Amino acid sequence: MNIKIASLALGMVMGAWQPAAAQALAPEDLFRQASPSVWVVLARDESARVLGSGSAVVISPGRAITNCHVLRQATSITLRRDREEVPARLEFPDAERDLCQLRAERLPALSQDIASIASLRVGQKVYAIGAPRGLEQSLSDGLISSLRRDPAGEVEYIQISAPISPGSSGGGLFDDRGRLIGITTAIIGGGAQNLNFARPAEWIRAVPERGQSAVARFKQDGTATTAASGMRPSTPTLPAFVVKPDAPSRPVSVPTEVQRVASAPSPVFSPNAAGAERLARQRRCAAEPQASLVGKGPAEETFTVPCDNGYALVLRCVAGNCQEIR
């Protein structure tokens, strides 16, 4: 009996010494902790007109991360939270993964605890903070529905049931301890519900190196063009990395908008793009579908196709044969 009592007492003492960081936060406490790092991104043209908006997450003092497609056709960038606006510039573009790092000197001195991909589990509680439809500082919750993997078996999308909408692109996905686990990026519609996706936050660590490589390739190959003139500039510009000059301006469903994004844009009429548009017509997604490249691997390419109903298909294509990512 004494042994049992001693064991119980020891267990209670050990439980009391569990680190506080391992305990789940109440939703209101998590929002209070995480929301100051989530800002609205405003993409502007040469006349400072707002072309579109999305979200961004402050990852370290003076630096924020967003989706590259949020910056479509922008020549300047503004970050906004409440009534405060700060100018920002593109620092590192990783358009293949749709992650762009921004630099803004007047951002708050915040840092993120970034969770590893290996720590993610299906069924895990998650919270999304962003600016859906421009409604900044919006909180939603849900679960990790699945971990979507590429052909090599690596996680490339975190599928979540937490609602997101156009304007949520570049927002933060947090676990119940307040750790950043993803950047909210895409939704799939067409009659489906709660098919929402985020890029793994662990990828943020690789953005500077991958962005520097993209700039180096640009300077060496000169394959990017500016959105304004279609001519190759002598140095990389913002539109050169995040949009094709012929990208359409139309509302679509991958928050905030779907764009043709790549550090070196692929030809418009590639076999894979043609296959994606053919499948979109078969699915009656759009009368005149336009496939946009959002990911590129050694053998396959990933496209989004905006549908007439305001949603989009996400398709993986190999040698002109495409399948919907579900």
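The structure this text deals with has already been given above.
Computed from a predicted model, the values in this text were never measured in an experiment.

Draft legend 1. Layout of the state of the cysteines. In this structure the tally under the stated criterion is 2 disulfides. Through a disulfide, C68 is tied to C100; the S-S separation comes to 2.1 Å. The sign of the 105° torsion about the S-S bond sets the C68-C100 disulfide as right-handed. One end of the pair, C68, is in the loop between β3 (63-66) and β4 (76-81); the other, C100, is in strand β6 (residues 99-103), and 32 residues separate them in sequence. The class for C100 is buried, based on a relative accessible area of 0%.

Draft legend 2. Molecular detail of the sheet that holds strand β7 (residues 125-130). An order of β7-β8-β9-β12-β11-β10 is seen for the 6 strands of this closed barrel, with the pairing classed as antiparallel. Taken pair by pair, the neighbouring strands of this sheet meet at an average axis angle of 45°, ignoring direction. In the sheet, strand β11 (residues 180-187) pairs with strand β12 (residues 196-200) via 5 bridges, with the strands oriented antiparallel. The residue bridging I187 from the neighbouring strand is N196, located in β12. The strands touched by helix α2 (residues 27-34) are β7, β8 (138-149) and β10 (172-175); relative to β7, the strand with the most contacts, the crossing angle is about 45°.

Draft legend 3. Spotlight on helix α3 (residues 207-221). Taking 1.5 Å per residue as the helical rise, α3 with its 15 residues ought to reach 21 Å, and the 20 Å between its terminal C-alpha atoms agrees with that figure. Within α3, the full set of buried residues consists of V207, G211, A214 and F218. Down the axis of α3, the sector holding all buried residues measures 55°, keeping them to one side. Facing away from the buried surface of α3 by more than 90 degrees, the exposed residues are E209, K219 and Q220.

Draft legend 4. Here's a closer look at the pattern of salt bridges. One pass over the full model with this rule turns up 14 salt bridges. Measuring nitrogen to oxygen at the nearest pair gives 3.5 Å for the salt bridge that ties R81 to D82. Note that R103 and E105 form a salt bridge whose closest N and O atoms lie 3.5 Å from each other. Note on E105: relative accessible area 60%, which makes it exposed.

Criteria and cut-off values
- Residues numbered from 1 in each chain as written.
- Predicted model: local features only at pLDDT ≥ 70, side-chain atom pairs only at ≥ 80, totals over all residues.
- Heavy atoms only, no water.
- Disulfide = S-S within 2.5 Å.
- Helix = DSSP H or I, 4+ residues; strand = E, 2+ residues; numbered from the N terminus.
- Buried < 20%, exposed > 50% of the residue type's maximum accessible area, 1.4 Å probe, protein only.
- Pairing = 2+ DSSP bridges.
- Axes fitted to C-alpha atoms, helices over the stretch in contact; angles between N-to-C directions.
- Contact = heavy atoms within 4.5 Å.
- Expected span 1.5 Å × (residues − 1).
- Arc of directions from axis to C-beta.
- Salt bridge = Lys/Arg side-chain N within 4 Å of Asp/Glu carboxyl O.

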